[in-house]
Amino acid sequence: MPEEHPQRPTVVLPVDSAEALPTAAALLRAGKLVAFPTETVYGLGANALDAQAVASIFRAKGRPNHNPVILHIAGQEQLFSVVAVWPPLAQELASRFWPGPLTLVLTKNERVPANVTGGGPTVAVRWPSHPVAQELIRLSGVPVAAPSANRSSELSPTRAEHVVRSLAGRIDLVLDGGPTTAGIESTVLSLAHDRPTLLRPGPITVAELEEVCGIIQHVGDLPANAPLPAPGLLARHYAPRTPVELCNSAEDVRNRWREMQQRGHRVGVLAISPMAEAFVLPADPVAYATQLYDRLHQLDAGAYEHLLIELPPDTPAWLAVRDRLKRAGTPA
Ligand code: TXA
Ligand code: MG
């Protein structure tokens, strides 16, 4: 396909170099695009109050305009500059989980440009815990709009190299802060419905949220005719380029692997059960999540024709990981 996006040099700076953060903050203030580490995945940041800068995020990612982006803040003053209403429940959740990997969907303030919110009345806000993200937001002095720093519908980046592979030539700077720790995207909870509603499972678990909120509803519990509350929750997302097949047991993986081998296919395997043919990830959901995207990026770069993935058990602790795997396994 012809390359339609105007190319520019993408600079990569290690965060421990003295010029890295001031350079990044100056670029953000000038309306440029900066990828930076958070505790979940790398974000592709722009000044959230500059509609043109936000528009360039969508162009760089090839992201549909109706898919709203998350605003990253570092402080109460910034928070109140982007939300119109701050309910007591939001305060309780923020006291417990911020800074951290929880995104809250709230009624937006009129200062937030329409393209941040997909034209809708709500805004997604998160106060990240990663020190580089916090310092960048503070130094730039503006709330930072940042989706994950990858082309739309591809795997999220957990290392600077992943960002470069996906977006080099399309963004101005990558701050390299090493691998991220949580490894999957933040939990997204909407407080804009009559009951708190989980739009995306993530590192903050349902059990943890329910200690603060009581029973929450899940996006699937909303009536089928309700407008899609998170327009970005397209089924296929976070997907490797190589076709993925999900298997419910180690035995299924072995059987499918043998069949595909016999047909001469090159097959990559990701499992939690020990097996010789596979990349084996830890059978613990938190440790698994930390490594998931990095392994998928490696498998995707490995010239395989198919990927087989053993699904972890269908238990609450694995909810977020299974969500990402199911999206990766949805055919394009
Ligand atoms: O961990 C994360 O959340 C990372 C880091 C960079 O912070 N960001 C991230 O952004 O995953 P993104 O754009 O890849 O995913 C944002 C999700 C999408 O599913 C989007 O639809 C939803 O949040 N979202 C954003 N604004 C929303 C809104 N106003 N209402 C409902 N959902 C919203
Ligand atoms: Mg994303």
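Report follows, based on the coordinates.

Parameters at a glance
- Numbering of residues begins from 1 in every chain and follows the order in which that chain's sequence is written.
- For naming, the first written chain is A and the first written ligand is 1, with later ones following in the order written.
- Under the rules for a predicted model, residues below a pLDDT of 70 receive no local features and side-chain atom pairs below 80 are neither given nor counted, while totals for whole chains, interfaces and linings still include all residues.
- Hydrogen atoms and water are omitted, and side-chain values are computed over all heavy atoms in the structure.
- Whether a residue is near a molecule or strand depends on its heavy atoms: if one lies within 4 Å, it is near.
- Distance and chemistry together define a polar contact, namely a pair of N or O atoms within 3.5 Å, with one atom able to donate a hydrogen and the other to accept it when in protein, and with adjacent residues in sequence counting only for side-chain atoms on both sides.
- For the accessible areas, the method is Shrake-Rupley and the probe is 1.4 Å, while residue cover comes only from the protein chains on display.
- Helical segments are the DSSP runs of H or I of at least four residues, strand segments are the runs of E of at least two, and each set is numbered from the N terminus.
- Amino acids outside the nonpolar list (Ala, Val, Leu, Ile, Met, Phe, Trp, Tyr, Cys, Pro) and the charged list (Asp, Glu, Lys, Arg) are all regarded as polar, and Gly is one of them.
- Here, a strand pair is defined by DSSP locating no fewer than two bridges between the strands.
- Put simply, two rings from Phe, Tyr or Trp (the six-membered ring, in Trp's case) pair if the centres are within 6.5 Å, and we call them stacked under 30 degrees between planes, edge-to-face over 60, tilted for the rest.
- Between buried and exposed lies partly exposed: a residue is buried under 20% and exposed over 50% of the maximum accessible area for its type, with that area taken using a 1.4 Å probe on protein chains only.
- Throughout, nonpolar core names a set of buried Ala, Val, Leu, Ile, Met, Phe, Trp, Tyr and Cys residues whose side chains join them through atoms within 4.5 Å.
- Residue contacts are counted whenever heavy atoms from the two residues lie within 4.5 Å of one another.
- We count a salt bridge whenever a side-chain nitrogen from Lys or Arg sits within 4 Å of a carboxyl oxygen from Asp or Glu.
- As a rule, the C-alpha atoms of each element are fitted with a line to give its axis, helices using only the stretch in contact, and angles between N-to-C directions run from 0 to 180 degrees.

### A few points about the site of ligand 1
Within the structure, ligand 1 sits among 25 residues, and Thr40, Arg63, His72, Ser186 and Arg200 are positioned closest to it. One of the side-chain nitrogen or oxygen atoms of asparagine 67 is found 3.1 Å away from an oxygen atom of ligand 1. One of the side-chain nitrogen or oxygen atoms of serine 148 is found 3.1 Å away from an oxygen atom of ligand 1. Surface burial for ligand 1 is 99%, taken as the share of its 680 Å² of free accessible area covered by protein chains. Mapped onto the shell around ligand 1, the elements with two or more residues apiece are strand S4 (70–72), strand S6 (122–126) and strand S10 (197–200). When grouped by side-chain class, the residues that make up the shell around ligand 1 number 13 nonpolar, eight polar and four charged.

### A short note on the sheet that holds strand S13 (residues 267–271)
Pairing between the strands of a sheet comes from backbone hydrogen bonds, and it takes one of two forms, parallel or antiparallel. With respect to topology, four strands assemble into an open sheet ordered S12-S15-S13-S14, the strand pairing being parallel. Of all strands in the sheet, those with a lone pairing partner are strand S12 (244–247) and strand S14 (279–280), marking the two edges. Pairing geometry for S12 and strand S15 (residues 306–310), over four bridges, is parallel. When the bridges of S15 are listed, leucine 246 appears paired with isoleucine 309.

### Concerning the packing of aromatic side chains
Under the counting rule described, the total for this entry stands at three aromatic pairs. Look at phenylalanine 80 and tryptophan 86: their rings are 6.0 Å apart centre to centre, the planes differ by 80 degrees, and that puts the pair in the edge-to-face class. A residue is classified by how much of its surface remains accessible, and phenylalanine 80, at 36% relative accessible area, is partly exposed. Put simply, the rings of Phe80, Trp86 and Trp98 pair up and form one aromatic cluster.

### As for the nonpolar core
Membership of the largest hydrophobic core comes to 46 residues, with the highest contact counts inside it found for Leu93 and Leu104. Broken down by secondary-structure element, the contributors of at least two residues to this core are strand S3 (43–47), helix H2 (51–61), helix H3 (76–82), helix H4 (88–97), strand S5 (102–107), S6, helix H6 (160–167) and helix H7 (206–213). No other element matches the five residues that H2 contributes to this core. Not counting the four nearest positions on each side in its chain, leucine 104 is found in contact with Trp86, Ala90, Leu93, Trp98, Val123, Ala124, Val125, Leu189 and Leu191.

### Topic: the pattern of salt bridges
Tallied over the full model, the rule gives twelve salt bridges. A salt bridge links arginine 159 to aspartate 294; its shortest N-O distance comes to 3.1 Å. Here arginine 159 is found in the loop between strand S7 (144–145) and H6, whereas its partner aspartate 294 is found in helix H9 (residues 285–300), with 135 residues between them in sequence. The residue arginine 256 makes a salt bridge to glutamate 259 at a minimum N-O spacing of 2.6 Å. Highlighted residues: arginine 256 and glutamate 259, both in helix H8 (residues 250–262), separated by three residues, approximately one helical turn. Look at the salt bridges and you will find they share partners, linking Glu185, Asp323, Arg324 and Arg327 into a network.

### Considerations on the sheet that holds strand S2 (residues 34–36)
What the eleven strands build is an open sheet, ordered S1-S8-S2-S3-S7-S4-S6-S5-S9-S10-S11; its pairing is mixed. Of all the strands in the sheet, just strand S1 (11–14) and strand S11 (217–218) have a single pairing partner and so form its edges. The sheet contact formed by S1 and strand S8 (residues 173–176) spans four bridges and is parallel. Bridging across to S8, valine 12 finds its partner in valine 174. Running at roughly 150 degrees to S3, H2 makes contact with S3 and S7 of the sheet.

### What to know about the environment of tryptophan 257
Within the secondary structure, tryptophan 257 sits in helix H8. Tryptophan 257 sits in the partly exposed class, given a relative accessible area of 21%. Sequence separation of tryptophan 257 and alanine 278 is 21 residues, and the distance between their C-alpha atoms is 10.0 Å. In this structure, tryptophan 257 is in contact with Val267, Val269, Glu277 and Leu308, ignoring residues within four places of it in sequence.

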